[in-house]
Amino acid sequence: MPNGKPAGVSCVHLSPSMRCILFGDARRPDLCDAFKAEREFCGDNREQALVRLAQLELQSLPDALALEGDV
Ligand code: SF4
């Protein structure tokens, strides 16, 4: 994804079975190669990982957007 991946959008290289189709391919981004799954972030399954990711996305919103939800 040349211009980056927006939050909440699946990577175009993710297969319907949730596998990276670039795994083992030189075109796979270095960041993806470097990422090591950790229980603190990924939990024990996909659902737990998605909950944690949603929490992090909310916590990283710019202050103005985060405050709108508090009104
Ligand atoms: S590992 Fe990287 S390239 Fe592969 S599906 Fe996930 S985000 Fe996309």
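Refer to the structure above for everything that follows.
I will try to describe carefully the structure that is included in this document.

Calculation notes
Residues numbered from 1 in each chain as written. Predicted model: local features only at pLDDT ≥ 70, side-chain atom pairs only at ≥ 80, totals over all residues. Heavy atoms only, no water. Helix = DSSP H or I, 4+ residues; strand = E, 2+ residues; numbered from the N terminus. Buried < 20%, exposed > 50% of the residue type's maximum accessible area, 1.4 Å probe, protein only. Near = heavy atom within 4 Å. Nonpolar A, V, L, I, M, F, W, Y, C, P; charged D, E, K, R; others polar. Salt bridge = Lys/Arg side-chain N within 4 Å of Asp/Glu carboxyl O. Expected span 1.5 Å × (residues − 1). Polar contact = N/O pair within 3.5 Å; in protein donor to acceptor, adjacent residues only side chain to side chain. Phe/Tyr/Trp six-rings, centres within 6.5 Å; stacked < 30°, edge-to-face > 60°. Patch = residues over 30% accessible without salt bridge, like charges linked within 9 Å, V, L, I, M, F, W, Y side chains within 5 Å. Areas by Shrake-Rupley, 256 points an atom, 1.4 Å probe, with all protein chains shown as cover.

Things to note about the overall build of the protein
Logical step 1: Helices and strands together make up the secondary structure of the protein, namely four helices and zero strands.
Logical step 2: Written out in order from the N terminus, the α and β elements of the protein read α-α-α-α.
Logical step 3: With 71 residues in all, the protein has 6% of them scored as buried.

Here we look at the site of the ligand
Logical step 1: The local shell around the ligand consists of C11, H13, L14, C20, R28, P29 and C32.
Logical step 2: Of the residues that constitute the shell around the ligand, the class distribution is five nonpolar, one polar and one charged.

Notes on the pattern of salt bridges
Logical step 1: Applying the stated criterion across every chain yields a total of three salt bridges.
Logical step 2: Here R27 ties to D25 by a salt bridge, and the two come within 2.8 Å at their closest N and O atoms.
Logical step 3: With a relative accessible area of 25%, D25 lands in the partly exposed category.
Logical step 4: The shortest N-O distance in the salt bridge between D33 and R28 comes to 2.9 Å.

Re helix α3 (residues 46-59)
Every α-helix carries 3.6 residues per turn, so stepping three or four residues along brings you back to the same face.
Logical step 1: Between its first and last C-alpha, α3 extends 20 Å over 14 residues, near the 20 Å set by a 1.5 Å rise per residue.
Logical step 2: Where α3 begins, the side chain of N45 points an oxygen toward the backbone nitrogen of E47, at a separation of 3.2 Å.

Focus on unusual backbone geometry
Most peptide bonds adopt trans geometry, and most residues besides glycine take a negative phi value.
Logical step 1: Although it is not a glycine, M18 adopts a positive phi angle of roughly 65°.
Logical step 2: A residue is classified by how much of its surface remains accessible, and M18, at 41% relative accessible area, is partly exposed.

Here's the deal with the packing of aromatic side chains
Logical step 1: All chains considered together, the criterion is met by one aromatic pair.
Logical step 2: Summarising the aromatic geometry, the rings of F35 and F41 are spaced 6.2 Å apart at their centres and angled 75° between planes, so their arrangement reads as edge-to-face.

Some words on a nonpolar patch on the surface
Logical step 1: A cluster of nonpolar side chains, namely F35, F41, L50 and L53, defines an oily patch on the protein surface of about 340 Å² accessible area.
Logical step 2: Relative to the assigned elements, L50 resides in helix α3.

Things to note about the side chain of S15
Logical step 1: Along the chain, the position of S15 falls in the segment before α1 (30-34).
Logical step 2: For S15, a relative accessible area of 14% corresponds to the buried category.

Treat this as a map of the structure, not an account of what it does.
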